[in-house]
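This is what each chain is made of:
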Amino acid sequence: MAKVAIVMGSDSDMPIMKKAAEFLDQMGIDFEMTIISAHREPDIFFEWAKGAKDRGVKVIIAGAGKAAHLPGMCAALFPMPVIGIPMKTSDLGGVDSLYSIVQMPSGIPVATVAINGGLNAGILAAKILATSDEALLEKLGAYSEEMKQSVVAKAEKLDKVGYKDYE
């Protein structure tokens, strides 16, 4: 059963949502992924969101742009954590999406990552699941250590070659 559900309002969101999926794959977390428009097919959306818990979903990652109602509507229908990814838009650069997702009414929270923050959404979903999964917590620790070592290696390279030859 999928532990995480990834949903996006349009296939144009795929390059960002794919980053969450790739991280979940890397951590060995089962997930499902779909495209549903809360505005264009509300009946399908309601059925999908209301059925997520019964499908074994523990966290929903929802990406949306412009009016960005998808994450909030997921949170209204799904009793567990929802992570919203505001999509960068051509009209307002994603600020419209960000405001739409973070300005949820009291009682219906949506955790929100940065505009186009697909990777961080995947990491946050994994961290939520790791609260009750020691093996996953260890994998996340190893991931953090890899990031640290990458920065250390870059600093060592800069010290060795100098800024002019750093590529």
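Scroll up for the structure.
For the structure given in this document, a descriptive report is provided here. Remember, it's a predicted structure, so these values are computed and weren't measured experimentally.

Our focus in this paragraph is the environment of W48. By the element assignment, W48 lies in helix α2 (residues 42-51). Sequence-wise, W48 and G117 are 69 residues apart; in three dimensions their C-alpha atoms are separated by 23 Å. Discounting chain neighbours no more than four positions away, the residues touching W48 are A5, V7, E32, T34, I36, R55, I60 and C74. Separated by 3.1 Å, the side chains of W48 and E32 make a polar contact.

Next up on the list: the nonpolar core. Across soluble globular proteins, nonpolar side chains have a tendency to be buried as a group. One finds V4, I6, I29, I61 and I85 to be the most contacted residues of the largest nonpolar core, which totals 26 residues. When contributions to this core are tallied by element, the ones reaching two or more residues are β1 (4-8), α1 (14-27), β3 (59-64), β4 (82-86), α5 (118-130) and α6 (134-165). When residues in this core are grouped by element, the largest group, 7 residues, is from α1. Excluding its chain neighbours within four sequence positions, the residues that come into contact with I29 are K3, V4, L24, A126, L129 and L136. By size, the runner-up hydrophobic cluster in this structure holds 20 residues, among which are F45, I60, F78 and I101.

Unoccupied space between atoms shows up once a probe the size of one water molecule is rolled over them. There is about 330 Å³ of room inside the largest pocket. Considering only residue class, the lining of the largest pocket consists of 7 nonpolar, 8 polar and 4 charged. Counted as a void, the second largest pocket has a volume near 170 Å³. Lining the second largest pocket, in full, are K3, M27, G28, I29, D30, L129, S132, D133, A135, L136 and K139. It is α6 that contributes the most residues to the lining of the second largest pocket, 3 residues altogether. In terms of residue class, the lining of the second largest pocket is built from 5 nonpolar, 2 polar and 4 charged.

This part is about the pairing of β4. For β4, the tally of buried residues reaches 5 of 5 residues, placing the bulk of the element in the interior. Each parallel crossover has a hand, and the one from β3 via helix α3 (residues 69-77) to β4 is right-handed. Two elements, β4 and strand β5 (residues 111-112), share 2 bridges in a ladder whose sense is parallel. Note on β5: the bridge partner recorded for I83 is A111. Taken together, β4, helix α4 (residues 95-102) and β5 form a β-α-β motif whose crossover is right-handed.

Cut-offs used in this document
Residues numbered from 1 in each chain as written. Predicted model: local features only at pLDDT ≥ 70, side-chain atom pairs only at ≥ 80, totals over all residues. Heavy atoms only, no water. Helix = DSSP H or I, 4+ residues; strand = E, 2+ residues; numbered from the N terminus. Contact = heavy atoms within 4.5 Å. Polar contact = N/O pair within 3.5 Å; in protein donor to acceptor, adjacent residues only side chain to side chain. Core = buried A, V, L, I, M, F, W, Y, C linked by side-chain atoms within 4.5 Å. Buried < 20%, exposed > 50% of the residue type's maximum accessible area, 1.4 Å probe, protein only. 1 Å grid on protein atoms, 1.4 Å probe; cavity = no way out; pocket = protein on both sides within 12 Å on 5 of 7 lines; lining within 4 Å. Points joined across faces, edges and corners; volume = space filled by probe spheres on them. Nonpolar A, V, L, I, M, F, W, Y, C, P; charged D, E, K, R; others polar. Right-handed = clockwise from strand over helix to strand, strands pointing away. Pairing = 2+ DSSP bridges.

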